[in-house]
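Reading the structure
Below are the chains, spelled out letter by letter.
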Amino acid sequence: MIHEQNGIFPAVCPLDCPDTCGLLLHKEDGKIVKVAGNPEHPITKGAICNKVRNMTERVYHPERILYPLRRIGAKGEGKFERISWEEAIGEIASKFTELIREHGSESIMPYSFYGNMGALSVDGMDRRFFHRLGSTRLDQGICSAAGNVGWKYTMGFMGGTSPEDTAKAKLFIVWGQNTVSTNMHAWSIIEKARKQGAKLVVIDVHRNRTGDRADWFIPLHPGTDSALALGMMHVLFEQGLVNEEFLAQYTIGYEELREHVKQYTPDKVSAITGVPAQHIVQLARMYGETSPAFIQIGNGLQHHDNGGMNVRAIVCLPALTGQWLVEGGGAIKSNGDYAKFNGAALARPDLRPNPNVRVVSMNQLGETLLSLDPPIRGMFVYCSNPAVVAPDTDKVEQGLQREDLFTVVHDLFMTDTAKYADIVLPSTSTFENTDLYKSYWHHYIQLQEPVIPPQGESKSNMEVFKLLAQAMGFEEEAFLDTEEDMVRQALNHPANPYIEHITLEHLKEHRFLKLNMEHQKRHLDSLPTPSGKIELYSQCMAEAGLPPLPTYVPLIEGYDGERRPRKTSPYPLMFISPPNHSFLNSTFANVEKLAKLEKDPMLQIHPEDAEVRAISDGDEVLVWNARGQYQATAQVTEKMLPGTVVSQGLWWEREGKRQRANALTPERLSDMGNGATFFSTVVEVKRQRKCVPNK
């Protein structure tokens, strides 16, 4: 494919998105001129989002980095000179060797996430290199960690209902997910089911595009999702809408839960959540009386102090009603464990000289760079832009400014983070690589092979870390493996029967292959929980110092309906910063066509909150708290309950504008999994400049 100048070639969307779409790339004169969906893919069926349709704008962006660079100005100034790859690798290896000699290998750390979801790009040679180096380990809990732990305490593994089966549901509850913008093929399934009479209920703190299209939108105060789920459980038990036979056979702790939820009356839960008591009863009845009933659990509700418990409480609901045994019923948060690769073979943790090396959370990067003792003195950033996406970005920026911190960034662009690097390395795009992809929603494994050659002198993550390993004198055979070797190693995983039939050769022939989902039919008989059952009561949680039964725990930073702030509170509003429609985190924020669609950072504010601050639609406003400031344009709307303000999207900093939403967000870790607490944030807002209407 890479050498053919014209034609249509298969590809995979690399973005951190549940859909993992099959693509077709149209080439003319050796250049990709069109990105389209692959109609033969059984799930994505040729439909792709506008972000991916404009992927060529990113691949051939005029500001793409094409050569290695060395900093020649002050950190953050963005002044660099071109150097050779030989110079770049030599300088990095020399500096890392010096740091290890003087301060030990733990003075170096990687910082990465899933800017590219390919297994080889982010879970392969990079991991081998840092394991062998003996670096400080990074706990990658910025996205789904809290909810995953909450789900696993209950169900044992990350797997739920198959997407195809949800088409049979008669009731969809989308809980904390903007499906239209972040899981478009799930939305297609919902729409087809609605044409057959299914109903859609959306529960969220913000009436986004999905909420706008719901049959019933239920707004609630941020971080009160577990209270609403417990209120539903109260009604389900009280009105005899639980499946006693299922509870007895497949769960433990249901009698304890029956007693526990008696305290979560509709009136009490209403006072907490802001959802009227009669609506709580109506929702519980609708859920208990409709079958199949399916719950889609989103990402945002886990980004709270109580994020793990929010997911834990919601995932108990299908057990109470027995919906796990009904085709099309149940729930999904992530189906990632069905497609789990052989992570140990990919990452080779056995290469690490000290298995007990220190671990730092990526959610506390600012604190790590400024206060960790002994300090981090070398950092290698790839597949992430922490100056924008990490919490408390002002503190992150202070850490990146340290003159004694040697920083390398491997990226396609001069991101806000790259401006602070000492060495910047040009990265290939996904269409220039070989990689292996799974979905955390559907059940297909896909292979990407290069469609175009590397642009300029860009190199893949795998190439870079092999070069660094060679320069550092690492002689293990693990650093000689090819992409094909590593794909085979990833797929050779006897512990996961779902992928037992999938091979590199079959993927080369078919491009996408379905998991063997026959094993799913029997999974309730032996769940990987300590009891082998759905754990409504979890002894493991009790031993970890957590409530063993689903419990509403108020936010550390934030308010519910029972604990509204006094007028004298310095920060009386809760600030939520979910994704917008055209970006994926900070990816695409520098693509002009997509940035124009989103215009500028907007702050949605309720009319009641706007009135007391003399804020009108279109005013420029300042949002602030003790951590930082954020500038946006006011949009006065009733899309959320009073007391909450919403700004969608993560924007790169522009000259003279403070537009990093994460300047406001805390570094605190969630109740489970060391997850991020982006949405447990309180702020104040004031008008900066009055909007002047056009004459």
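Read on for an overview of the structure. It should be emphasised that the depicted structure is a prediction, and the values quoted were computed from it without experimental measurement.

1. Description of the overall build of the chain
The number of helices and strands found in the chain is 26 helices and 27 strands. What you see for the chain is a C-alpha radius of gyration of 25 Å, in line with the 26 Å of a compact globule of 695 residues. Viewed in the frame of its principal axes, the chain has a C-alpha envelope of about 70 × 60 × 50 Å. The proportion of buried residues among the 695 residues of the chain is 62%. Once local pairs closer than 6 in sequence are excluded, the contacts in the chain between residues at least 24 apart make up 75%. Put simply, the chain shows about 26,100 Å² of open surface, and 48% of that area lies on carbon and sulfur atoms. Mean positive and mean negative side-chain charge positions of the chain (73 and 85 charges, respectively) differ by 4 Å.

2. A few points about the environment of Leu491
Its location among the elements puts Leu491 in helix H22 (residues 483-491). With relative accessibility at 8%, the residue Leu491 sits in the buried group. In this structure, the C-alpha to C-alpha distance between Leu491 and Leu536, residues 45 residues apart in sequence, is 34 Å. For Leu491, the residues in contact, after removing those within four places along its chain, are Phe341, Leu436, Ile499, Ile502, Thr503, Leu504 and Leu507.

3. Overview of helix H3 (residues 85-103)
Here H3 is 19 residues long and its end C-alpha atoms lie 26 Å apart, about the 27 Å a rise of 1.5 Å per residue gives. Buried within H3 are the following residues: Trp85, Ala88, Ile89, Ile92, Ala93, Phe96 and Leu99. All buried residues of H3 fall inside an arc of 130° around its axis, so they share one side. For H3, the exposed residues set more than 90 degrees away from the buried face come down to Glu86 and Arg101. Looking at the buried positions of H3, the neighbouring elements they touch are strand S6 (108-112), helix H5 (125-133), strand S15 (378-382), strand S16 (406-411), strand S17 (423-426) and helix H21 (461-471).

4. Description of the sheet that holds strand S20 (residues 512-514)
Whether parallel or antiparallel, the strands of a sheet pair through hydrogen bonds between backbone atoms. The antiparallel open sheet is built from 3 strands, whose spatial order is S18-S19-S20. A single partner strand is all that each edge strand has here, and the edge strands are strand S18 (435-437) and S20. Going from strand to strand, the sheet's axes swing by 15° on average, the running direction of each strand aside.

5. Considering the packing of helix H6 (residues 145-155) against helix H15 (residues 307-315)
Angle between the axes and distance between the axes: these two values describe a pair of packed helices. In the contact formed by H6 and H15, the axes pass within 7 Å of each other and the chain directions differ by 40°. Taken together, the axes of H6 and H15 lie oblique to each other. As for how H6 packs across H15, the hand of that crossing is right-handed. Where H6 abuts H15, its residues Ala146, Gly147, Gly150, Trp151, Thr154 and Met155 lie against Gly307, Gly308, Val311, Arg312 and Val315. Class assignment for the residues of the contact of H6 with H15 results in 5 nonpolar, 5 polar and 1 charged.

6. Focus on the packing of aromatic side chains
All told, the structure shown has 18 aromatic pairs when counted by the stated rule. Ring geometry for Phe157 and Tyr338: centres 5.7 Å apart, planes at 75°, overall edge-to-face. With a gap of 181 residues between them, Phe157 in the loop between H6 and strand S8 (171-175) and Tyr338 in the loop between strand S13 (330-332) and helix H17 (343-347) connect regions that are remote in the sequence. Phe157 sits in the buried class, given a relative accessible area of 12%. Aromatic pair Phe575 and Tyr630: ring centres 5.9 Å apart, planes at 65°, arrangement edge-to-face. Here Tyr630 lies in strand S25 (residues 629-636) and Phe575 lies in strand S22 (residues 573-576), a separation of 55 residues in the sequence. Here the two residues Phe575 and Tyr630 agree in accessibility, since each one is buried. An aromatic cluster is present here, built from Phe129, Phe130, Phe380, Tyr382, Phe465, Phe474 and Phe479 joined pairwise through their rings. Over the face of the ring belonging to Tyr67 we find Arg82, whose NZ or CZ atom lies 3.5 Å from the ring centre. Taking the ring centre of Trp85 as reference, the NZ or CZ of Lys459 above it sits at 5.3 Å.

7. Observations regarding H22
Looking at H22, one finds that the buried residues are Met486, Val487, Ala490 and Leu491. Angularly, the buried residues of H22 cover 135° about the axis, an arc narrow enough to put them on a single face. Against helix H4 (119-122), H5, H17, S18, H21 and helix H23 (504-510) lie the buried residues of H22.

8. Examining the pattern of salt bridges
This structure, assessed with the given rule, holds 44 salt bridges. Notably, a salt bridge pairs Lys340 with Asp337, separated by 3.7 Å at the nearest N-O pair. Between Lys508 and Glu484 there is a salt bridge whose closest N-O contact spans 3.0 Å. One end of the pair, Lys508, is in helix H23; the other, Glu484, is in helix H22, and 24 residues separate them in sequence. Ionic contacts of the salt-bridge type, sharing partners, join the residues Arg70, Glu81, Glu87 and Glu91 into one network.

Basis of the calculations
- Residues numbered from 1 in each chain as written.
- Predicted model: local features only at pLDDT ≥ 70, side-chain atom pairs only at ≥ 80, totals over all residues.
- Heavy atoms only, no water.
- Helix = DSSP H or I, 4+ residues; strand = E, 2+ residues; numbered from the N terminus.
- Rg over C-alpha atoms; globule rule 2.2 N^0.38 Å.
- Buried < 20%, exposed > 50% of the residue type's maximum accessible area, 1.4 Å probe, protein only.
- Contact = heavy atoms within 4.5 Å.
- Areas by Shrake-Rupley, 256 points an atom, 1.4 Å probe, with all protein chains shown as cover.
- Lys, Arg positive; Asp, Glu negative; His and termini not counted.
- Charge placed at Lys NZ, Arg CZ, Asp CG, Glu CD.
- Expected span 1.5 Å × (residues − 1).
- Arc of directions from axis to C-beta.
- Pairing = 2+ DSSP bridges.
- Axes fitted to C-alpha atoms, helices over the stretch in contact; angles between N-to-C directions.
- Parallel < 35°, antiparallel > 145°, perpendicular 65-115°, else oblique.
- Left-handed = near helix turned anticlockwise from the far one by under 90°.
- Nonpolar A, V, L, I, M, F, W, Y, C, P; charged D, E, K, R; others polar.
- Phe/Tyr/Trp six-rings, centres within 6.5 Å; stacked < 30°, edge-to-face > 60°.
- Lys NZ or Arg CZ within 6 Å of the ring centre and 35° of its normal.
- Salt bridge = Lys/Arg side-chain N within 4 Å of Asp/Glu carboxyl O.

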